[in-house]
Amino acid sequence: MSTALESERTFVDKFPDEARVVRAAFLSSFFALFLGAVFGIIQTLHRTDVARIIPSTDYYTVLTAHGVFMVISFTIFFLVGLFTWAITRSLDRPLLNIKITWTWYGLMATGMTLTGISILAGFVDSIDMSADVLYTFYAPLQAHPLFYAGLVVFIVGTWIAGADWFRTFLAWRRDHPDERIPLQTFMVLTTMTMWYIASSAVAASVLLFLLPWSLGFIDQVNPTLTRTLFWFFGHPVVYFWLMPAYMLWYTVLPKIAGGRLFSDPLARVVFVLFVLLSTPVGIHHQYLDPGIAEGFKFISMTNTMFLLLPSLLTAFTVVASVEYGARKNGGTGLLGWLTHLPWRKPEFTGMMLAGLMFAAGGFSGMVNAGMNINYLIHNTLWVPGHFHLTVGTAVALTMMAGTYWLWPQISNKPIYSSQIGLFQVVLWFIGMALMSNAMHAQGLLGVPRRTAEPEYSGFDYPTMFGGFEELNIQIAIGGTLLFVSTILFLGNLVLTMGNPTVSGLAETLPTPVSGPEDAPQVLDNLRLWVGIAVTLVVLAYALPIAAIIQRGGLLGPGVGTYPVWLAPLLDALANAAATLFGAVGDAGASLAGVVR
Amino acid sequence: MHIHAYEKLWLALSIVLILALIGTVTYGAVGPGVAMVADSQSTIDPTALDEDERFSEPRVEQVGENEYEAYVVARQFGFQPDPIVVPANSTVTFYVTSADVIHGFEVVGTSANTMVVPGEVSEITVETDEPTEYGIVCNEYCGAGHHVMEGKLHVVSQSEFENRGGDSA
């Protein structure tokens, strides 16, 4: 053992078992990224009419695969890896029982494999199985039961992962009763709290309605109800993708910039705000749904706008922390400090470009959230343009950049080539700038999302300047650059794995300028935040869901159900709930009246 | 808790921005009267649209001076009626429903845009201007033939509309 290794040990030296889990989770994540990228490039070239290797009817299988592999597998596997690293590192103790850790990893991997098989089977006509329902799986489009079952197994895996981390935290708490929760642990616990609240709805939707329905136990479901339960989960899940990026921006980026985090208390406030505000907003995906009253949509809009606050605060704190590092390294002047930053490091430049794109994505998100202006862009290509900036860049690029910093810590292997890494993150930025810009522009022209043939036979899109074709070319070039960037990233990582093991790669994280001792004690009171969060969710969702069930019945407007005895019972329950909330409902209705 | 002065300023400006955004939406609803698709219509049996008095025969009909109602059915993979013909310089209320899965109804290049959910009826009111033609697309994925699901909205002069007998079904 070299002296460097003895003086400063890397994560893998200290926690070899945990490091193995982190590596496994990251590799699962990157395998999904590879599959997602392959389907992404097929989709880009098909839709822009550059190269068509599949029939248009198969386009939706490609689209489902791209969506599910990218936003469920790639992001969430990375998250569980990162959080395992973060909780172990910041508590400085191993997980309680590594067998439980491997169990949840195994469940997640099994679940995603089942779901993946059901999706990919859609390409093979001889297999009677398909799941061309897209990532949003709105009923009454139906997937093979394996698709839903796999999702359930995957989500249960994430729940056990959260329990694993909470138990480890509680064990630490017994030994350190009076200490503040370390920042990274705090971020893990708050994010998982949000996840438990959010994923409960989609689990209920799948277990109570979609899975029994796909197995033929019930004849039909209520489309508005399952859609609402989906979006109850479907908006907070974007913060589940984003929180790992935030964790890296808050705790790792300042260090790479040569400084330290500006404010630990503000970071905690931001994560608490996400717990409170991220769930009661999902109805903003349903502004254009019939069957949901305007008052409920208005409440959701208000919450959504307040949800901007944690991201705006993050913009300040992260930029301030980076500036602090630059000034410490001799940077001066209003903007001159920008030249004293490690722009040659892919882990730094990648995260900074990701943050820059996130700002743009935040602004297009404000347009989406604007209840009335939303009419112009709802379900147009603007929307994927938006989330390719947020998830596709802020999250994905930060994860790739973070890997350049983290991988040596969990493997004792230096990155194969920082130059390739730097080229790769810049290429991602350029590719996404082209593709996303053109998507936003086409969205404003009314070009719909999620379709194999944007050039309809019957009519043209009114172009303002440039041309529709020119925008298509931008999308095709951008998508191609993104594919090349992904391959460079994965290639660099594979070559890194072939590097010999060395010592002296350890990186420590410095304490913040304003530390946890500045944070009011109440911030660490997780019970309080859970209580408030649940109350807010109930306020935002109890009435709309009761109203939806009362309108259409638990199993949807239309024909009867099987088994027959179930429906009257559930309807009675729904009516009771509706009556209970009736008084508050009148208040909601009068609010709608005031708003009008 | 120590908060830097610049941080306080940033926080204040952020809250002002958020309140301003909420204000614009509220103004849109109260001032210009931007109406949302809402739960104004009662539910309907999507499997029995052929027995429904409004949707058994998708059509456009006159309901008042310069006021028209269009009953539109979306199903895999098209809209009825097609084309939808409405007179220029009038007020048209669309009632759109689905016979099968969730569809979208988007008059391209305008803000006339709604989800079409089976069992629900979407109501949107628009003002037409001069005679022109619009494309209509389904903007919610609805199955393997989703990309061929399109329709037309023809805004024609009053006299041309009357010559057609006021019915485009």
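Described in the following lines is the structure provided in the data block.

Conventions adopted
Residues numbered from 1 in each chain as written. Chains lettered and ligands numbered in written order. Predicted model: local features only at pLDDT ≥ 70, side-chain atom pairs only at ≥ 80, totals over all residues. Heavy atoms only, no water. Helix = DSSP H or I, 4+ residues; strand = E, 2+ residues; numbered from the N terminus. Rg over C-alpha atoms; globule rule 2.2 N^0.38 Å. Buried < 20%, exposed > 50% of the residue type's maximum accessible area, 1.4 Å probe, protein only. Contact = heavy atoms within 4.5 Å. Areas by Shrake-Rupley, 256 points an atom, 1.4 Å probe, with all protein chains shown as cover. Lys, Arg positive; Asp, Glu negative; His and termini not counted. Charge placed at Lys NZ, Arg CZ, Asp CG, Glu CD. 1 Å grid on protein atoms, 1.4 Å probe; cavity = no way out; pocket = protein on both sides within 12 Å on 5 of 7 lines; lining within 4 Å. Points joined across faces, edges and corners; volume = space filled by probe spheres on them. Nonpolar A, V, L, I, M, F, W, Y, C, P; charged D, E, K, R; others polar. Buried area = accessible area lost by both parts, 1.4 Å probe. Salt bridge = Lys/Arg side-chain N within 4 Å of Asp/Glu carboxyl O. Pairing = 2+ DSSP bridges. Axes fitted to C-alpha atoms, helices over the stretch in contact; angles between N-to-C directions. Parallel < 35°, antiparallel > 145°, perpendicular 65-115°, else oblique.

### Examining the overall build of chain A
In step 1: If you tally the helices and strands in chain A, you get 20 helices and 0 strands.
In step 2: Taking 25 Å as the expected radius of gyration for a compact globule of 596 residues, we find that chain A reaches 24 Å, a close match to that expectation.
In step 3: For chain A, the proportion of its 596 residues judged to be buried stands at 63%.
In step 4: Taking as baseline every contact in chain A between residues at least 6 positions apart, the subset at least 24 positions apart corresponds to 82%.
In step 5: Within the structure as shown, chain A displays about 21,000 Å² of accessible surface, and the carbon and sulfur contribution to it stands at 67%.
In step 6: Separation between the mean location of the 28 positive side-chain charges and that of the 32 negative ones in chain A comes to 8 Å.

### Some thoughts on the overall build of chain B
In step 1: Of the regular secondary structure elements, chain B holds 2 helices and 10 strands.
In step 2: For chain B, the α and β elements follow one another from N to C terminus as α-β-β-β-β-β-β-β-β-β-β-α.
In step 3: For a compact globule of 169 residues, the expected C-alpha radius of gyration is about 15 Å, and chain B comes in at 20 Å, more than 25% above that figure.
In step 4: Taking all 169 residues of chain B together, 51% fall into the buried category.

### Description of empty space enclosed by the protein
Residue and element names in this part refer to chain A.
In step 1: Under the definition given, this model contains 5 cavities of 30 Å³ or more.
In step 2: Estimates place the volume of the largest cavity at around 140 Å³.
In step 3: Sorting the residues of the lining of the largest cavity by element identifies helix H4 (59–91), helix H6 (145–175) and helix H7 (183–214) as the ones contributing at least two each.
In step 4: A total of 5 residues in the lining of the largest cavity trace back to one element, the largest contributor, which is H6.
In step 5: Residue composition of the lining of the largest cavity, grouped by class: 15 nonpolar, no polar and no charged.

### Details of the interface of chain A and chain B
In step 1: Facing 72 residues of chain A, the contacting portion of chain B comprises 68 residues.
In step 2: Of the roughly 5,700 Å² buried where chain A meets chain B, counting both sides, 68% is carbon and sulfur surface.
In step 3: If you sort the residues of chain A by the area they bury against chain B, Pro290, Tyr375 and Arg551 of chain A come out on top, with a joint share of 13%.
In step 4: The interface formed by chain A and chain B contains 2 salt bridges.

### A closer look at the pattern of salt bridges
In step 1: Per the counting criterion, the structure on display carries 14 salt bridges over all chains.
In step 2: Notably, a salt bridge pairs arginine 227 of chain A with aspartate 289 of chain A, separated by 2.6 Å at the nearest N-O pair. You can see arginine 227 of chain A sitting in helix H8 (residues 223–234) and its partner aspartate 289 of chain A sitting in the loop between helix H10 (264–277) and helix H11 (294–306), a full 62 residues away along the chain.
In step 3: On the basis of relative accessible area, arginine 227 of chain A is assigned to the buried category, the value being 1%.
In step 4: Its relative accessible area of 0% is what places aspartate 289 of chain A among the buried residues.
In step 5: One salt bridge in this structure joins arginine 551 of chain A and glutamate 120 of chain B, with 2.5 Å as the shortest N-O distance. Of this pair, arginine 551 of chain A sits in helix H18 (residues 526–552) while glutamate 120 of chain B sits in the loop between strand S7 (113–116) and strand S8 (122–127), placing the two residues on different chains.
In step 6: Taking relative accessible area as the criterion, glutamate 120 of chain B reaches 4% and is therefore assigned buried.
In step 7: One continuous salt-bridge network, built from bridges that share partners, spans Arg180, Asp264, Arg268 and Asp524 of chain A.

### What to know about the pairing of strand S4 (residues 84–87) of chain B
Residue and element names in this part refer to chain B.
In step 1: With burial as the criterion, each face of S4 is covered, one bearing Ile84 and Val86 and the other bearing Val85 and Pro87.
In step 2: One ladder, built from 4 bridges, connects S4 with strand S10 (residues 150–156); its direction is parallel. Paired with proline 87 across the two strands is valine 156, which belongs to S10.

### Here's the deal with unusual backbone geometry
Residues and elements named next belong to chain B.
In step 1: Put simply, glutamine 80 and proline 81 share a cis peptide bond, and its omega is -5°.
In step 2: As for its placement among the helices and strands, proline 81 is situated in the loop between strand S3 (78–80) and S4.
In step 3: Going from aspartate 82 to proline 83, the amide bond is cis rather than trans, its omega being 0°.
In step 4: Position of proline 83 among the secondary structure elements: in the loop between S3 and S4.
In step 5: Despite not being glycine, asparagine 66 has its phi angle at roughly 65°, a positive value.
In step 6: Checked against the element boundaries, asparagine 66 lands in the loop between strand S1 (59–64) and strand S2 (67–75).

### Remarks on the environment of proline 46 of chain B
Residue and element names in this part refer to chain B.
In step 1: Relative to the elements of secondary structure, proline 46 occurs in the loop between helix H1 (5–30) and S1.
In step 2: A relative accessible area of 12% means that proline 46 is categorised as buried.
In step 3: Between the alpha carbons of proline 46 and phenylalanine 77 there is a distance of 16 Å; along the sequence they are 31 residues apart.

### With respect to the sheet that holds strand S9 (residues 132–137) of chain B
Residue and element names in this part refer to chain B.
In step 1: Read from one edge to the other, the open sheet built from 5 strands follows the order S4-S10-S9-S6-S7, with strand pairing classed as mixed. Both edges of this open sheet fall to S4 and S7, since each of them pairs with a single strand only. For this sheet the average axis-to-axis angle between neighbouring strands, irrespective of direction, equals 20°.
In step 2: Pairing between strand S6 (residues 103–107) and S7: 4 bridges, direction antiparallel. For glycine 104, the partnering residue across the bridge sits in S7 and is methionine 115.

### Concerning the layout of surface pockets
Residues and elements named next belong to chain B.
In step 1: Its volume calculated, the second largest pocket comes out at about 600 Å³.
In step 2: Together, 26 residues line the second largest pocket, and Ser111, Ala112, Ile124, Thr125 and Val126 are the ones closest to its centre.
In step 3: Mapped by element, the contributors of at least two residues to the lining of the second largest pocket are S8 and S10.
In step 4: Among the elements that line the lining of the second largest pocket, the one with the most residues is S8, at 5 residues.

### Brief notes about the pairing of S10 of chain B
For a regular strand, side chains alternate in direction, first toward one face of the sheet and then toward the other.
Residue and element names in this part refer to chain B.
In step 1: Most of S10 sits inside the fold, with 6 of its 7 residues counted as buried.
In step 2: As paired strands, S9 and S10 are joined by 6 bridges and run antiparallel to one another. By the bridge assignment, glutamate 133 is partnered in S10 with histidine 154.

### A closer look at the environment of valine 447 of chain A
All names here are of chain A.
In step 1: Residue position: valine 447 is located in the loop between helix H16 (418–444) and helix H17 (468–497).
In step 2: A relative accessible area of 0% places valine 447 in the buried class.
In step 3: Sequence-wise, valine 447 and tryptophan 382 are 65 residues apart; in three dimensions their C-alpha atoms are separated by 8.4 Å.
In step 4: Filtering out sequence-adjacent residues up to four positions away, valine 447 remains in contact with Arg47, Thr380, Leu381, Gln442, Pro454, Tyr461 and Phe468.

### Description of the packing of H7 of chain A against helix H9 (residues 236–256) of chain A
Residue and element names in this part refer to chain A.
In step 1: Interhelical geometry of H7 versus H9 gives an angle of 175° and a closest axis separation of 10 Å. Taken together, the axes of H7 and H9 lie roughly antiparallel to each other. Only Pro236, Val237, Tyr239, Phe240, Met243, Met247, Tyr250 and Thr251 of H9 make contact with H7, whose side of the interface consists of Leu183, Gln184, Met187, Val188, Thr191, Met192, Met194, Trp195 and Ala198.
In step 2: Counted by class, the contact of H7 with H9 contains 14 nonpolar, 3 polar and no charged residues.

Take it as geometry only, folks, not as evidence of what the structure does.
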